[in-house]
Amino acid sequence: MLAYLVCQHITGYLAARPVEMGQKALKGMRSMPLIIVLCMMAESVGAQEAREGLSIAEKQPLAPTPPMGWMSWERFRCETDCNAHPNACINEELYIEMAKLLVEDGYLAAGYDQISIDDCWESKTRDATGRLRPNATRFPSGIKALGDTIHALGARFGIYSDMGTHTCGGYPGSQGHEQIDAQTFAEWGVDYLKLDGCYNNQEGYVTGYPKMGRALEGSGRNITYSCSWPAYLGTNETAKNFSEFRRAGCHLWRNWDDISNTWESIVSIIDHWGDYSKVLQESGGPNSWNDMDMLIIGNDHYGKVLPSDNARAQMAIWSVCASPLFMSNDLRTVTDEYRQILLNPEVIAVNQDPMGIPGVRATPKGDQEVWIRRLFDGSTAVALLNKRSKDAKTEISVDLRTLGVNVPDKAKVPILTLNLTLTQTLTLTLTLNLTLILSNPKPNPNLYPNSNPYANPDPKPTPNCRVRVRVGEG
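Thresholds, definitions, all that
- Residues numbered from 1 in each chain as written.
- Predicted model: local features only at pLDDT ≥ 70, side-chain atom pairs only at ≥ 80, totals over all residues.
- Heavy atoms only, no water.
- Helix = DSSP H or I, 4+ residues; strand = E, 2+ residues; numbered from the N terminus.
- Buried < 20%, exposed > 50% of the residue type's maximum accessible area, 1.4 Å probe, protein only.
- Contact = heavy atoms within 4.5 Å.
- Areas by Shrake-Rupley, 256 points an atom, 1.4 Å probe, with all protein chains shown as cover.
- Arc of directions from axis to C-beta.
- Axes fitted to C-alpha atoms, helices over the stretch in contact; angles between N-to-C directions.
- Parallel < 35°, antiparallel > 145°, perpendicular 65-115°, else oblique.
- Left-handed = near helix turned anticlockwise from the far one by under 90°.
- Nonpolar A, V, L, I, M, F, W, Y, C, P; charged D, E, K, R; others polar.
- Disulfide = S-S within 2.5 Å.
- Pairing = 2+ DSSP bridges.
- pLDDT = per-residue confidence, 0-100.
- Polar contact = N/O pair within 3.5 Å; in protein donor to acceptor, adjacent residues only side chain to side chain.

Colleague: Before we go on, may I ask you to explain the overall build of the protein in this structure?
Modeller: When helices and strands are tallied, the protein shows 13 helices and 21 strands. Within the protein, the proportion of its 474 residues that are buried is 59%. Taking the contacts inside the protein whose residues are at least 6 apart along the sequence as the reference set, 78% of them involve residues at least 24 apart. Total accessible area on the protein is roughly 18,100 Å²; 50% of this is exposed by carbon and sulfur atoms.

See below:
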């Protein structure tokens, strides 16, 4: 696996014909999954200030950048047998331990600021007043006490429910209980609600998700609202009414299939995002994020761990696409190699870009692809992805001019004690995993314009790219 983050000049008009240009850029890439990200500096183009009217008064802008955190579902699922599986059981001890590790291992400082309960935390019945209640054996201290503990550690607290009669795991759902559930969550100190869509139908979603949105708005607490509504409407993203999701009060939404702990699952999600790049870019942005599902980096579910090159590919593409970054792994077993992938500050900076325009696939679907994302400072993140996963070496030959990069003649790039001569055509064969950032910006106003009406019109500055090098054995 090879990863590049490079800041260089823009001399061409990248997005005028992005698919054709990106296709020409790729020559001879083969073997392992590959990510190259080039931050190509250009003059900022003013973001459009258009905002769509909401039926919910003054929807709170609670997700200006993609939310980040930790979520239990992919790794721990609905394991409720604490006697047979004491270290993998959905109980308060699990979430407290994950919250402590979020702080101790540097995730919180890097931006992963939330611990989210998923399904199977509830009792099978509501209490006498009609309120949700936790399983008393597995959550003896109660949900408010758990939230207080997580807050005391400096993290936000997320919870799960369902816009149906039951959750996907068979526990009480929120259909018909939107008001009392929103009030209960607010009293418990919940900061984020993931609302699934099992045991309901399309007619129920049209009324139910807005009801919960209004209830959250009126709860007296700022609660970020994650809706699974689009994921239950089929594969065709062009047929989904994203304006309706925004009007319902959703700050982010799941679009498609659940992720599983395999490279094949990751590739299927990448392909789906690529196939619907245009509509997903136009519909996504601040407080309106398209969610590719959880990061499985360092996840040892089913006794297997994603290879590190595949993990880097997921981290990079999720960031270029401006997806929320929710880890689903056992933080007790994540090795330093995977921790460093998750904590990579340059990749996180791309994900958290304050203008909030999602990236797109700029080439046809294939083993090698070019992905691009417009950033707030006028630069563009360009990802070159090789989906193949065999052999130990990767050969890359890229004509940088077709990506709009003007490289000074025989520019020297330091890589630890080595010097790389960078010319207009870059060809490398490496067995190391490498992340490289160069900085030599000259603004160019001809970069493709921002067409996303939901982009932040006044993004706050973040540091420009600087020369930083990270190398690890592959």
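Colleague: What should I look at first to understand helix H5 (residues 143-152) in this one?
Modeller: Helical geometry note: an α-helix holds 3.6 residues per turn, so side chains three or four residues apart project in the same direction. Within H5, burial applies to Ile143, Leu146, Gly147 and Ile150. Mapping the buried residues of H5 onto a view down its axis gives an arc of 100°, with all of them on the same face. Among the structural elements, helix H3 (92-104), strand S5 (114-116), strand S6 (156-162) and helix H6 (178-188) are those in contact with the buried residues of H5.

Colleague: Could you clarify how one ought to interpret the packing of H6 against helix H7 (residues 202-217) in this entry?
Modeller: Axis angle and axis distance: for two packed helices, these are the angle between their axes and the distance between the axes, and together they describe the pair. Direction vectors running N to C along H6 and H7 enclose 40°, while the axes themselves pass 8 Å from each other. Considering the angle they form, H6 stands oblique to H7. In this structure, the crossing between H6 and H7 has a hand that is right-handed. Here H6 contributes Glu178, Gln179, Asp181 and Ala182 to the contact with H7, which in turn contributes Gly208, Lys211, Met212, Ala215 and Leu216. In terms of residue class, the contact of H6 with H7 is made up of 4 nonpolar, 2 polar and 3 charged.

Colleague: Sorry, what's going on with the state of the cysteines here?
Modeller: Using the criterion set out here, one finds 4 disulfides in the structure. With its sulfur 1.8 Å from that of its partner, Cys82 forms a disulfide with Cys89. As the torsion about the S-S bond is roughly -45°, the Cys82-Cys89 disulfide counts as left-handed. On the basis of relative accessible area, Cys89 is assigned to the buried category, the value being 0%. Sulfur-sulfur distance for the disulfide between Cys227 and Cys250 comes to 2.1 Å. Where Cys227 bonds to Cys250 through sulfur, the torsion about that S-S bond is close to -95°, and the disulfide is left-handed. Within this pair, whereas Cys227 is found in strand S8 (residues 224-227), its partner Cys250 is found in the loop between helix H8 (242-247) and strand S9 (252-254), the two being separated by 23 residues in sequence. In terms of burial, Cys227 and Cys250 fall into one category: buried.

Colleague: What is the right way to look at the environment of Gly170 in this model?
Modeller: One can find Gly170 in the loop between S6 and H6. Given the relative accessible area of 26%, Gly170 is considered partly exposed. Along the chain, Gly170 and Asp119 lie 51 residues apart, while their C-alpha atoms are 9.0 Å from each other.

Colleague: Whenever I open this one, the pairing of strand S13 (residues 368-374) confuses me. Can you help?
Modeller: With 6 of 7 residues buried, S13 is to be regarded as a mostly interior element. Linking two consecutive strands that pair antiparallel, namely strand S12 (residues 360-361) and S13, is a turn of 6 residues.

Colleague: Hey, could you run me through the confidence of the model for the protein in this one?
Modeller: Low-confidence regions, as indicated by low pLDDT, have predicted coordinates that should not be scrutinised in detail. Summing up the model confidence of the protein, the mean pLDDT is 78 and the portion of residues at 70 or higher is 69%. Per-residue pLDDT stays below 50 along residues 410-426; that stretch engages in 49 contacts with residues further than four places along the chain or on separate chains. Predicted confidence for residues 428-450 stays below pLDDT 50, and this span has 115 contacts to residues more than four positions away or in other chains.

Colleague: When you look at the side chain of Arg246 in this model, what are you seeing that I'm missing?
Modeller: Of note, Arg246 is situated in helix H8. In terms of polar contacts, Arg246 uses its side chain to reach the backbone carbonyl oxygen of Ser283, at 3.0 Å.

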